[in-house]
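The residues making up each chain are set out below.
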Amino acid sequence: MLLTESSHYNYARNSFVDKIYEVCQKFEAADVLELGGGRYPFYTHGKFPESINSYTVNDIDQSELDAGPGGYKMACFDVCGDVSEFENKYDVIISRMFAEHVADGQAMHSNCLKLLKPGGIAFHYNPKLYSLPFFANLILPEAVSRAILFTFKPKTGPGERTKFPVHYSLCRGTASSMENKIQALGYSEVQVIPFYGHNYYSHIPPLRPFERFFTSLSMKNNWSFFSTFVYTLARR
């Protein structure tokens, strides 16, 4: 469904916009839903891909949607709950750094299947286990992981000082195991593309050589169990 030129995490981050365009261009006039966009949607008014017909931002909290910049449709619902009002409405569903926060990944992916029109594609970009920083984020008490994050990861934009609990439900294991579990929910095609490396040791110099070495080794051997981020594409 999607071709990538690198398996380094920088490529995943820097190419996400281009890949959204690539997915949207598979449809003549795509109706797009962004999951968990809240007050900080990925696209703002006037910057939507030209090939789309409509852009809808979702959040579980209406006040978060109301605080956004506007210029798009809004849909307040829990993607793990009742989505019957929005079934069969979207050609493309996107999410960025969202899936790891969902408590029930199976329910999320099952409901995305319902939200998509026939032939529609869900495209998620998120971190995954079992990379060490994300595994620590999962097992450490929330107050501890929050303090560590804000100490070692500098603020880079609006909302960056907000941290939501993580679950990594269906965001763990090898790429093939993730593909099999998601496709078993009824999708016609699933592709999980792993990426390697991270910048969480940028303020811990002694750990940087180890991170670079392990990232290089994991990329060379395609150890997707230790990948740090994934693109997940699932076609209805």
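For the structure itself, look to the data block above.
Residues numbered from 1 in each chain as written. Predicted model: local features only at pLDDT ≥ 70, side-chain atom pairs only at ≥ 80, totals over all residues. Heavy atoms only, no water.

What to know about the overall build of the protein
Regarding its fold elements, the protein presents 7 helices and 7 strands. Beginning at the N terminus, the succession of helices and strands in the protein can be written as α-β-β-α-β-β-α-β-α-α-α-β-α-β. For the protein, the proportion of its 236 residues judged to be buried stands at 47%. Restricting the contact set of the protein to residue pairs at least 6 apart, pairs at least 24 apart contribute 70%. Approximately 11400 Å² of the protein is accessible, and the part contributed by carbon and sulfur atoms is 54%. (Helix = DSSP H or I, 4+ residues; strand = E, 2+ residues; numbered from the N terminus. Buried < 20%, exposed > 50% of the residue type's maximum accessible area, 1.4 Å probe, protein only. Contact = heavy atoms within 4.5 Å. Areas by Shrake-Rupley, 256 points an atom, 1.4 Å probe, with all protein chains shown as cover.)

Regarding the sheet that holds strand S1 (residues 30–34)
Pairing within the open sheet is mixed, and its 7 strands lie in the order S3-S2-S1-S4-S5-S7-S6. Looking along the sheet, the strands with just one partner apiece sit at the ends: strand S3 (73–76) and strand S6 (189–195). If you compare each strand with its neighbour and ignore which way they point, the axes differ by 15 degrees on average. Here 7 bridges tie strand S5 (residues 116–127) to strand S7 (residues 229–235), and the two strands are oriented antiparallel to one another. Across the sheet, Ala122 pairs through a bridge with Ala234, a residue of S7. Each of S1, strand S4 (90–96) and S5 touches helix H3 (residues 105–115); the most contacted strand, S5, lies at about 145 degrees to it. Where helix H6 (residues 175–183) meets the sheet, its contacts fall on S6 and S7, and the angle it forms with S6 comes to roughly 155 degrees. (Pairing = 2+ DSSP bridges. Axes fitted to C-alpha atoms, helices over the stretch in contact; angles between N-to-C directions.)

A few points about helix H1 (residues 9–24)
Counted at 1.5 Å a residue, the expected span for H1 with its 16 residues is 22 Å, and the 22 Å between its end C-alpha atoms agrees. Residue Ser15 marks the point of greatest curvature in H1, where the axis turns by about 55 degrees. The complete set of buried residues in H1 reads Tyr9, Tyr11, Ala12, Ser15, Phe16, Lys19, Ile20, Val23 and Cys24. Next to the buried residues of H1 lie S1, strand S2 (52–59), S4, S5, S6 and S7. (Expected span 1.5 Å × (residues − 1). Bend = angle between axes of the 7 residues up to and from the residue.)

A closer look at the nonpolar core
Judged by nonpolar contacts, the single largest core of 62 residues is most densely connected at Tyr55, Ile93, Leu115, Phe123, Tyr231 and Leu233. Counting residues per element, this core draws most heavily on H1, which supplies 7 residues. (Core = buried A, V, L, I, M, F, W, Y, C linked by side-chain atoms within 4.5 Å.)

A few points about empty space enclosed by the protein
Under the criterion given, the structure shown has 1 cavity of 30 Å³ or more. The space that makes up the largest cavity amounts to roughly 30 Å³. The class makeup of the residues in the lining of the largest cavity is 4 nonpolar, 4 polar and no charged. (1 Å grid on protein atoms, 1.4 Å probe; cavity = no way out; pocket = protein on both sides within 12 Å on 5 of 7 lines; lining within 4 Å. Points joined across faces, edges and corners; volume = space filled by probe spheres on them. Nonpolar A, V, L, I, M, F, W, Y, C, P; charged D, E, K, R; others polar.)

Focus on the pairing of S7
The buried fraction of S7 amounts to 6 of the 7 residues, a majority that puts the element mostly inside the structure. As paired elements, S6 and S7 share 7 bridges and run antiparallel to each other. Counterpart to Pro194 in the pairing with S7 is Val230.

A closer look at a nonpolar patch on the surface
Together, Trp223, Phe225 and Phe226 line one region of the surface with nonpolar side chains, adding up to about 260 Å² of accessible area. As for its position among the elements, Phe225 is in the loop between helix H7 (208–221) and S7. (Patch = residues over 30% accessible without salt bridge, like charges linked within 9 Å, V, L, I, M, F, W, Y side chains within 5 Å. Salt bridge = Lys/Arg side-chain N within 4 Å of Asp/Glu carboxyl O.)

Let's talk about the state of the cysteines
Counted under the stated rule, the structure contains 0 disulfides. Here Cys80 is not disulfide-linked; the sulfur of Cys112 is the nearest cysteine sulfur, at 8.9 Å. For Cys80, a relative accessible area of 27% puts it in the partly exposed group. (Disulfide = S-S within 2.5 Å.)

Topic: the environment of Pro49
Topologically, Pro49 is positioned in the loop between S1 and S2. Distance from Pro49 to Val17, taken between C-alpha atoms, is 9.2 Å for residues 32 residues apart in sequence. Contacts of Pro49, omitting those with residues within four sequence positions, involve Tyr21, Cys24 and Tyr43.

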